[in-house]
Amino acid sequence: MTSTAPEKAVPDTAPAPTSEVELSIGGMTCASCAARIEKKLNRMDGVTATVNFATEKAKVAYTGGIEVADLIATVEKTGYTAQEPPPPATAADGHEGEAQTPTAPAADGELASLRQRLYVSLVLSVPVVLMAMVPALQFDNWQWLSLTLAAPVVVWGALPFHRAAWTNVRHGAATMDTLVSIGTLAALGWSLWALFFGHAGMPGMRHGFEFTISRSDGSSAIYLEAAAGVTAFILAGRYLEAKSKRKAGAALRALLELGARDVSVLRGGQEVRIPVAQLTVGDRFVVRPGEKIATDGTVVEGASAVDASMLTGESVPVDVSVGDAVTGATVNAGGRLVVEATRIGADTQLARMAKLVEDAQNGKAEVQRLADRISAVFVPLVLLIAAATLGAWLGITGDATAAFTAAVAVLIIACPCALGLATPTALMVGTGRGAQLGILIKGPEVLESTRRVDTIVLDKTGTVTTGRMQLQDVIPAPGVDKDELLRLAGALEHASEHPIAQAIAAGAAEQAGSLPVPENFENVAGLGVQGVVDGHAVLVGREKLLEEWVIELPRELAEAKAAAEAEGRTAVAVAWDGEARGVLTVADAIKETSAEAVAYLRALGLKPVLLTGDNQLVAESVARSVGIDEVIAEVLPQDKVDVVKRLQAQGRTVAMVGDGVNDAAALATADLGLAMGTGTDAAIEAGDLTLVRGDLRVAADAIRLSRKTLATIKGNLFWAFGYNIAALPLAALGMLNPMIAGAAMAFSSVFVVTNSLRLRSFK
């Protein structure tokens, strides 16, 4: 459900202000680690925390006398590390990527260390596994070579698992690492006992390899291939998982690194090259063709085309000239521009986009909270199942070897790493891909809303239409040249500031070429304009203005004017030299892509509703043009919320698309709010999805991407749950060799991450 945060009952005393901080967490190896940290933080008075395993961050809100140092101390007492965020100065220094990703070098070092352990473990493990599986390779005393090769793998290769397990034991907890550590050490320990105190160390010892457990003499059985193989497989899974997590966050890192590094600022008429960090609001800077625009600003000199594809996903460059706003990190594709900085650092659109994406990735969908709760109790439950398996096999068969093997297989197969990765990896990839396409998903709970939506309310002005008046039709009187009509009317209107006049002037300049300069120009309040153009006494305005000069519209023009007004357009009469010469019609132009967008939304199973403050005729005309059946017109801004509530009361789940300040409350009230990024900050803050481009088709893309991300999450969870549920009984019944269990467990994690990465190809 999308809404503003619900207000809590106000106590007698003013509540303490709430602060928020994002901590980088180190040492987490699985979802149950994240669940433990989250649980410990939330036990602190006045603290609400969310810990995300995939992004390795904790988002914490705290009140009262609590300080960041207290939060870090709590995390450290739990057995993990926490890092304070960088000071605000670095976050606004123009290098947002460096400021907000301080752990990137550390993550790279961790990846390199993991890769080294994996490669060494693989080289040592392969001969051990081959000797155990192929009797022909079992020469005399082969078992001692196996021990020599396997011991470093289990002790050094699996050290991260042992270290994490020991840390958790000291803090009275068990995680997935506990299962891996106990399983591999138990297999090594059993093998050492069999080699030194049993019959396994005797020259000429042989044993076959089976996918299932077979009864044998425990004193002659060694499990070095299981211990080494499981370690190598799980290291491979962890490495691929870590690498994939880096890939999953690549879109955000790319977004953060888009900004320019330095800029040519005008100082006393001279260009001075300075780092972007030193820019201040009000500075004027030069952007040459091919250069990135350093920060958000307004063009004060020059005209060009700007390539904003990296922010909006729109491949066609946008023409800009004096007075137009430009966005930092976009590329100047045409002429030289001088831009005045209006926003810097953390206030820029790029930084705010990155913040929205990061906040979304750090949040949790409801399905993830369920997964976290399950993983928190899963490990202790598995330890009990493993103990019960050991006891049951010993009691029923008396075969210690088979009992031990089944218990180890249970420990290994049960590691629900895939469970912890199912949601965050899909969320990271989905939100990252959305950012590349100009779709910003504010939080994971938004994904749940997109699935249920059945009605989409579209604000007319600025959403379905451009929000700017444009010249639509030019209807000359019989015998009047169309270009002459446009030229004379446009010249006079060019001198007026009225939006309708400006629309006519712009249309005339585009169709008829350069416009002459009028003389004796006069603005007649409420009626129109009059003046002399090329020696002609010209009138442009309402029919009443012509009547004051005793000029009547001929029947053809009067009918054309009436027809235009019936369609909700504004009709402007033109006369010169005492005769009516034509009618020009002006309207808020419908965006070229709006009809296509409405068709896309219908294809997604949504019923479109047009909502506007305009009169019914205008609204119905626009609705007909784009294929909308249901129209709610003449609605005051403050009543838009009531319209959304009324639709919800009818049992509909409502999405709302808008762009203005007057849409903000309705966006917040709707079940799903989609804010056009070309609109106001208030609307963007109130929406759940921000569409960076002003193209309504992106609304359909946003809903498709959200639904696909949610479907991927559910598919991942189904695989992770189904895998564990199906595999545990097989392991407990002795139908899985521990090494096969380890390989399958590692594969499940890789499968989940790979499945999530498919979202990167979303079009």
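Remember, it's a predicted structure, so these values are computed and weren't measured experimentally.

Parameters at a glance
- Residues numbered from 1 in each chain as written.
- Predicted model: local features only at pLDDT ≥ 70, side-chain atom pairs only at ≥ 80, totals over all residues.
- Heavy atoms only, no water.
- Helix = DSSP H or I, 4+ residues; strand = E, 2+ residues; numbered from the N terminus.
- Expected span 1.5 Å × (residues − 1).
- Buried < 20%, exposed > 50% of the residue type's maximum accessible area, 1.4 Å probe, protein only.
- pLDDT = per-residue confidence, 0-100.
- Contact = heavy atoms within 4.5 Å.
- UniProt positions renumbered as here; feature names shortened; annotations may be inferred.
- Pairing = 2+ DSSP bridges.
- Phe/Tyr/Trp six-rings, centres within 6.5 Å; stacked < 30°, edge-to-face > 60°.

Here helix α18 (residues 482-494) is 13 residues long and its end C-alpha atoms lie 18 Å apart, about the 18 Å a rise of 1.5 Å per residue gives. When α18 is considered as a whole, its buried residues turn out to be Leu485, Leu486, Leu488, Ala489, Gly490, Ala491, Leu492 and Glu493.

Looking now at the confidence of the model for the protein chain. In the predicted model, the protein chain carries a mean pLDDT of 79, and 80% of its residues have values of at least 70. Considering only residues more than four positions removed or in separate chains, one finds that residues 1-13, a stretch of pLDDT under 50, has 14 contacts. Overall, residues 88-103 carries pLDDT values under 50, and its contacts beyond four positions in sequence, including any with other chains, amount to 29 contacts.

The residues that UniProt annotates with the feature "transmembrane region" (unreviewed entry) are residues 118-138, 144-166, 178-200, 220-240, 374-396, 402-423, 716-733 and 739-757. Along residues 144-166, the helical share is 96% and the strand share 0%, with 29 Å between the first and last C-alpha atoms. The span residues 716-733 shows a helical share of 94% and a strand share of 0%, and its end C-alpha atoms are spaced 26 Å apart.

This brings us to the sheet that holds strand β12 (residues 331-332). Two modes of strand pairing occur in sheets, parallel and antiparallel, and in both the strands are linked by backbone hydrogen bonds. The 3 strands are arranged β10-β9-β12 in an open sheet whose pairing can be described as antiparallel. Each end of this open sheet is capped by a strand with a single partner; those strands are β10 (318-320) and β12.

Summed over all chains, the structure comprises 3 aromatic pairs. Residues Trp144 and Phe196 carry aromatic rings whose centres are separated by 5.3 Å and whose planes lie at 75 degrees to one another, so their mutual orientation is edge-to-face. Of this pair, Trp144 sits in helix α6 (residues 142-157) while Phe196 sits in helix α8 (residues 176-196); the two residues are 52 residues apart in sequence, bridging distant segments of the chain. Judged by relative accessible area, which is 28%, Trp144 ranks as partly exposed. Ring geometry for Trp190 and Trp193: centres 6.1 Å apart, planes at 55 degrees, overall tilted. Taken as a pair, Trp190 and Trp193 lie in helix α8 at a separation of 3 residues, close to a single helical turn.

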